[in-house]
Amino acid sequence: MKRSAGILLFRRTDQLEVLLGHMGGPFWARKDAGAWSVPKGEYTEDETPEDAARREFTEELGLPVPAGELIPLGEAKGSGKVITVWALEGDLDPETVTPGTFEMEWPPKSGQKKEFPEVDRVQWFSVEEASAKIVSAQRPFLERLTARWPRPTPGGR
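Only a predicted model underlies this, so the values are computations on that prediction, with no experimental measurement involved.

1. Thoughts on helix α1 (residues 49-61)
Argument step 1. Given a rise of 1.5 Å per residue, 13 residues ought to cover 18 Å, and the 18 Å separating the end C-alpha atoms of α1 matches this to within 8%.
Argument step 2. Every buried residue of α1 is listed here: Ala52, Ala53, Glu56, Phe57, Glu60 and Leu61. Burial along α1 is one-sided: seen end-on, the buried residues are contained in an arc of 135°.
Argument step 3. Buried residues along α1 sit against β1 (2-12), β2 (16-23), β4 (40-43), β6 (81-89) and β9 (119-126).
Argument step 4. Looking one or two residues past α1, Gly62 carries a phi angle of roughly 70°, positive in sign.

This is the structure:
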């Protein structure tokens, strides 16, 4: 089974927010719900999951991983692979993202190769909004993050 690893960047404003990338390429262009993802990617046995997560964050967003402690959110299965994700508290301006690219034949069976961005946009979402946007197989990571940092209750916590 293929393996994938990523980093879920989060920040605490008046609410818990997460950074997601909208998947690039023609298949995802007109989709919104279920078309957003944690910056992540596949790796092989010669790379640790944490190293892969850091590499993929940089490749997909064109920015270094912010400083801070990676918090393991565990694994989930989806799309024929096992996904391992870490949370990282940090901030970045989505306008500074310079996504990596991939090449594929487009249109299909045309023999023509075209280049597309790994992610075509990046955005901060509340966890509730993110839950409706993220690929369903990655939703458990939002739930695990929220379990660590529940909403403040009225009157403080």
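That was the structure; now back to the text.
2. A closer look at the packing of aromatic side chains
Argument step 1. Evaluated as defined, the whole model comprises three aromatic pairs.
Argument step 2. For the pair Phe27 and Trp28, a centre-to-centre distance of 4.8 Å together with 90° between the ring planes defines the contact as edge-to-face.
Argument step 3. Residue classification places Phe27 among the exposed positions, given a relative accessible area of 52%.
Argument step 4. Each ring, one from Phe102 and one from Phe116, has its centre 5.9 Å from the other, and the planes form 35°; the classification is tilted. Highlighted residues: Phe102 in strand β7 (residues 101-105) and Phe116 in strand β8 (residues 113-117), separated in sequence by 14 residues.
Argument step 5. On the basis of relative accessible area, Phe116 is assigned to the buried category, the value being 14%.
Argument step 6. We note Lys31 situated over the ring of Phe27; from NZ or CZ to the ring centre the distance is 4.3 Å.

3. Some points on the nonpolar core
Argument step 1. Of all hydrophobic cores here, the largest spans 21 residues; its most connected members are Leu8, Phe10, Val18, Leu20 and Leu145.
Argument step 2. Every element with two or more residues in this core is listed here: β1, β2, β5 (71-78), β6, α2 (127-133) and α3 (139-148).
Argument step 3. Every residue in contact with Leu8, bar those within four places of it in the chain, is listed here: Val18, Leu19, Leu20, Val38, Leu73, Val85, Trp86, Ala87, Leu88, Phe141, Leu142 and Leu145.
Argument step 4. Formed by 19 residues, the second largest nonpolar core is a distinct cluster that contains Ala53, Leu61, Leu70 and Val119.

Cut-offs and rules
- Residues numbered from 1 in each chain as written.
- Predicted model: local features only at pLDDT ≥ 70, side-chain atom pairs only at ≥ 80, totals over all residues.
- Heavy atoms only, no water.
- Helix = DSSP H or I, 4+ residues; strand = E, 2+ residues; numbered from the N terminus.
- Expected span 1.5 Å × (residues − 1).
- Buried < 20%, exposed > 50% of the residue type's maximum accessible area, 1.4 Å probe, protein only.
- Arc of directions from axis to C-beta.
- Contact = heavy atoms within 4.5 Å.
- Phe/Tyr/Trp six-rings, centres within 6.5 Å; stacked < 30°, edge-to-face > 60°.
- Lys NZ or Arg CZ within 6 Å of the ring centre and 35° of its normal.
- Core = buried A, V, L, I, M, F, W, Y, C linked by side-chain atoms within 4.5 Å.

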